[in-house]
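A closer look at the structure
This is what each chain is made of:
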Amino acid sequence: MQDIDAIVIGSGIGGLVTATQLAAKGAKVLVLERYLIPGGSAGYFERQGYRFDVGASMIFGLGQNGTTNLLTRALSAVNVSQEAIADPVQIHYHLPQGLDLKVDRVYEKFLQNLTAHFPHEKQGIRRFYDECQKVFKCLNSMDLLSLEEPRYLLRVFFQHPLACLGLVKYLPQNAGDFARRYIKDPELLKFIDMECYCWSVVPSDMTPMINAGMVFSDRHYGGVNYPKGGVGQIAQKLVDGLEKAGGKIQYQAKATKILTEHGKAIGVQLANGEVYHGKRIVSNATRWDTFEQLLPAEEMPHNEKKWQQNYQKSPSFLSLHIGVKESVLPAGTECHHILLEDWEKMTAAEGTVFVSIPTLLDPDLAPDGYHIIHTFTPHWIDDWQELSPSEYEAKKEEAAWRIIDRLEKIFPGLDTGLDYLEVGTPRTHRRFLGRQDGTYGPIARRKLRGLLKMPFNRTAIPGLYCVGDSTFPGQGLNAVAFSGFACAHRIAVDLGF
Ligand SMILES: Cc1cc2nc3c(=O)[nH]c(=O)nc-3n(C[C@H](O)[C@H](O)[C@H](O)COP(=O)(O)OP(=O)(O)OC[C@H]3O[C@@H](n4cnc5c(N)ncnc54)[C@H](O)[C@@H]3O)c2cc1C
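About the thresholds
Residues numbered from 1 in each chain as written. Predicted model: local features only at pLDDT ≥ 70, side-chain atom pairs only at ≥ 80, totals over all residues. Axes fitted to C-alpha atoms, helices over the stretch in contact; angles between N-to-C directions. Helix = DSSP H or I, 4+ residues; strand = E, 2+ residues; numbered from the N terminus. Left-handed = near helix turned anticlockwise from the far one by under 90°. Contact = placed C-beta atoms within 7 Å. Nonpolar A, V, L, I, M, F, W, Y, C, P; charged D, E, K, R; others polar. Buried ≥ 20, exposed ≤ 12 C-beta atoms within 10 Å, placed from the backbone. Near = placed C-beta within 6 Å. Domains from an automatic or database assignment. Expected span 1.5 Å × (residues − 1).

**Notes on the packing of helix α1 (residues 13-24) against helix α15 (residues 477-495)**
Relative orientation of the contacting elements α1 and α15 amounts to 35°, with a least axis distance of 7 Å. The hand of the α1/α15 crossing is right-handed. The residues of α15 that touch α1, namely those facing Ile13, Gly14, Val17, Thr18, Gln21 and Leu22, are Leu477, Val480, Ala481, Ser483, Gly484, Phe485, Cys487, Ala488, Ile491 and Ala492. Grouping the constituent residues of the contact of α1 with α15 by class yields 11 nonpolar, 5 polar and no charged.

Pasting the structure below:
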């Protein structure tokens, strides 16, 4: 490729949305991906007739209406589409003190279910979740593009002044502040903590209200929808669209260096020594990998040092990819579950257990008569270092059986119905996803003012942009798609497209 406009390092959803948006505008784009397939944490792998999602399974952004259905929009921008299967329940919670609750797709039904557990908080529950709906209505009324682009900000302000003022109000706030304003019951407040923790990996006090407003409302609007064929299809389709639009992707192309000249990013060097030059360079690697590995750590810009003082790496996960006999799943089992037995352990390693059974929505992902259970729980990489190969295997096995034993509560007979088991650790996440310490993404070190300190796409190095979960607005497929739209918009304006 000659005269490349933008080189994107990494084909996670953030990188691919940036690439496809730019290609759709006529830019020449090259994506460099270190792995064999696209998608990163939204990728897949196949074993013995099962197609497992690597990470994400609860997908927002595949709805049909509004402006926040960013995955649908990203796909259609490059003339591809993805069949989506509606999930009637976002999560089935199995929480301490018998708090057993389903988050129904229908808003009123969810409020009723929750109020049945906390009738004395009927009003507070409605006021808290209605406040979240207000955030969502503001977001869902406007095109979501780069907040670093003054002309866009001006245009959107004139088109939607009230929505913009609403968002400015919510931007520096956290969900926990609103929860405590409306709700007093300590157990219900713990439930709200879990509602946040299960996607932000921090309690409500530290979860930005903008993100909470999105998740707690979109699940009742666009809803949670599973992509037919598995989550990996989203990235595959984006790549198809990228190529149709004239862009290119190169696999097994591990970037080892971002090249600079007079302080400006001008190219990328690969592990095999190949060098590519582009007018703009985009890193879809985490900020830690970008500023400590791809660029010299000792020359880290001041604002990146400050960012690291505000944000730390969240833990990684212990993941179990399980194939089970159909008989293991009781009738009426939902797709997504959260299990916790002791509130004190919510944020601890092996505290909260996440479960997804995508074959309940798309049976074609497993052989006939079998299902996939993907379960994961937070774990730190430090606990998996300096082990001999046999110690590592033994530790994996012990940890896996601890989780399986706990899951027997929801799926009696899981142990005997097991057909396939593959265990991933933080080391697996680091190796296959190329993420430092296998981290899920950045989390605030202490309570910050909402999303105010989360950086946008431009960096202190001219010509270098970041995209993905270590940029505004954070983790999740739809969130990194937002980051991709914003990044492409900013670059397109900078390059005059
Ligand atoms: C276990 C788990 C469960 C999750 N569940 C959900 C869920 O249910 N719903 C949801 O919305 N989100 C979920 N997430 C979060 C979501 O998957 C991520 O936030 C999102 O996919 C991150 O996208 P990204 O574009 O920022 O980067 P990534 O997915 O990390 O992609 C980055 C890409 O860059 C490549 N790369 C990195 N370094 C280099 C290099 N030097 N050279 C070339 N290529 C490189 C990587 O190989 C990778 O393909 C989950 C994540 C995990 C791990």
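**Observations concerning the environment of Glu334**
Topologically, Glu334 is positioned in the loop between β14 (316-325) and β15 (336-339). Separated by 284 residues in sequence, Glu334 and Tyr50 have C-alpha atoms that sit 19 Å apart.

**With respect to unusual backbone geometry**
The omega torsion of the bond from Phe472 to Pro473 falls at 5°, within 30 degrees of zero and hence cis. On the secondary structure map, Pro473 appears in the loop between β20 (464-466) and α15. Here Glu350, not a glycine, exhibits a phi torsion of approximately 60°, which is positive. Checked against the element boundaries, Glu350 lands in the loop between β15 and β16 (353-356). Judged by local crowding, Glu350 falls into the partly exposed class, with 14 C-beta atoms found within 10 Å.

**Concerning the site of the ligand**
Among the 38 residues in the neighbourhood of the ligand, the closest are listed as Gly10, Gly12, Gly40, Gly55 and Gly468. Listed by contribution, the elements that provide at least two residues to the shell around the ligand are α1, β14 and α15. The element contributing the most residues to the shell around the ligand is α1, with 3 residues. Taken together, domain 1 (4-47 + 61-83 + 229-312 + 444-495) and domain 3 (315-436) each give at least three residues to the shell around the ligand, which thus spans both.

**Description of helix α4 (residues 122-139)**
Helix length check: α4, at 18 residues, gives a terminal C-alpha distance of 26 Å against a target of 26 Å (1.5 Å per residue), a fit within 8%. Turning to α4, its buried residues are Gly124, Ile125, Phe128, Tyr129, Glu131, Cys132, Val135, Phe136, Cys138 and Leu139. On the buried face of α4, the contacting elements are α3 (107-117), α6 (161-170), α7 (175-182) and α9 (209-218).

**Notes on the domain arrangement of the chain**
Once the domains are mapped, the chain shows domain 1 (4-47 + 61-83 + 229-312 + 444-495), domain 2 (122-220) and domain 3 (315-436). For domain 1 versus domain 2, the distance between C-alpha centres works out to 25 Å. Facing 22 residues of domain 1, the contacting portion of domain 2 comprises 26 residues. It is α15 that contributes the most residues to the side of domain 1 that touches domain 2, 6 residues altogether. Each residue belonging to the side of domain 1 that touches domain 2 can be placed in one class, and the counts come to 10 nonpolar, 8 polar and 4 charged.

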